[in-house]
Amino acid sequence: MSLADLPPLREALERHDLMARKSFGQHFLLDLNVTRKIARLAQVGEGDTVVEVGPGPGGLTRALLETGARVVAIEKDSRFLPLLAEVAEVAEGRLELVEGDALKVDAAQAAGGPAHVVSNLPYNVGTQLLINWLTGPFRPLSMTLMFQKEVADRIVAQPGDDAYGRLAVIAQTLCEARTVMDLPAKAFTPPPKVASAVVRLVPKAEPPPAEVVAALERVTAAAFGQRRKMLRSSLKALGGADLCERAGVSPDARAEVIDLAGFLDLARATLGGADQ
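Residues numbered from 1 in each chain as written. Predicted model: local features only at pLDDT ≥ 70, side-chain atom pairs only at ≥ 80, totals over all residues. Heavy atoms only, no water.

**With respect to the sheet that holds strand 3 (residues 70-75)**
One open sheet holds the seven strands; their spatial order is 4-3-2-5-6-9-7, and the pairing between them is mixed. The open sheet terminates on both sides in strands that have one partner only, identified here as strand 4 (95-99) and strand 7 (175-183). Averaged over all adjacent pairs, the angle separating strand axes in this sheet is 25°, with direction ignored. Examined bridge by bridge, strand 3 and strand 4 share five bridges and lie parallel to one another. By the bridge assignment, V71 is partnered in strand 4 with L95. Its contacts with the sheet put helix 6 (residues 126-135) on strand 2 (49-53), strand 5 (116-120), strand 6 (143-148), strand 7 and strand 9 (196-203), and the angle it makes with strand 6 is roughly 155°. (Pairing = 2+ DSSP bridges. Helix = DSSP H or I, 4+ residues; strand = E, 2+ residues; numbered from the N terminus. Axes fitted to C-alpha atoms, helices over the stretch in contact; angles between N-to-C directions. Contact = heavy atoms within 4.5 Å.)

**Brief notes about the UniProt feature "binding site: S-adenosyl-L-methionine" (unreviewed entry) in the protein**
Summarizing the sequence annotation, UniProt attributes the feature "binding site: S-adenosyl-L-methionine" (unreviewed entry) to H27, L29, G54, E75, D101 and N120 in the numbering used throughout. As for its position among the elements, H27 is in the loop between helix 1 (9-15) and strand 1 (28-29). If sequence neighbours within four positions are ignored, H27 has contacts with N120, Y123, F188, T189, P190, P191 and P192. Along the chain, D101 falls in the loop between strand 4 and helix 5 (107-111). (UniProt positions renumbered as here; feature names shortened; annotations may be inferred.)

**Focus: the pairing of strand 9**
For strand 9, a buried count of six out of eight residues is recorded, marking the element as mostly surrounded by other parts of the structure. Across eight bridges, strand 7 lies against strand 9 in antiparallel orientation. Bridge pairing links R178 to R200 in strand 9. (Buried < 20%, exposed > 50% of the residue type's maximum accessible area, 1.4 Å probe, protein only.)

Written as structure tokens, this is what we have:
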């Protein structure tokens, strides 16, 4: 038996009497044409290791395995493990199942080395997982991730956009980020109330030092926490107008119009200079 011989996903779900759980933010992609397109967009293949969070019935898992990649699938919902085990049986040792909460699992250890992340992320933890991968100890080689469209827009937003905020600044400081695919709600089972989008993030070759990124998190938290206020007010606890002047940023500007370079200058200024 091979991957091609596996039963259709709907049939597998019915046989195991499985339904999506709202509490887990589950919405399944059962169209293998869609999951195969996501796998292609992820640009993974033979010899690559891929971490997948929330595989559910395994539609994206199958597509990733078809590329020849090794997949480490982290699944919190134990109901799906027997179904995924059936996929593992025909995957020739290239599918490893890890039962656990992706927010708590040591992804670096699970991957066993450099890895890409490709996931239809559970809606309720997607943003936090992205922040963890951007700033934590596990740094993926690339990330191809499905989010609610609203969250995807926040990741790729530009200064002046309504969606521009902390997530855009941090993500785009560390990665090249772009939306590569849009999906309507009807593509999922059960259909969510909102559309979705796939964002691809590739880490920059020379990201800022860790201390600057940490400072950037503090600055953006303050600036966007009071985004309607001028920076002289929203950044008061970090130095206010004086900080802005040292960074070469107008203290009368609001966070929503400051570009990545400006925020990096503000972050460096909190550390005592602009040459870090």
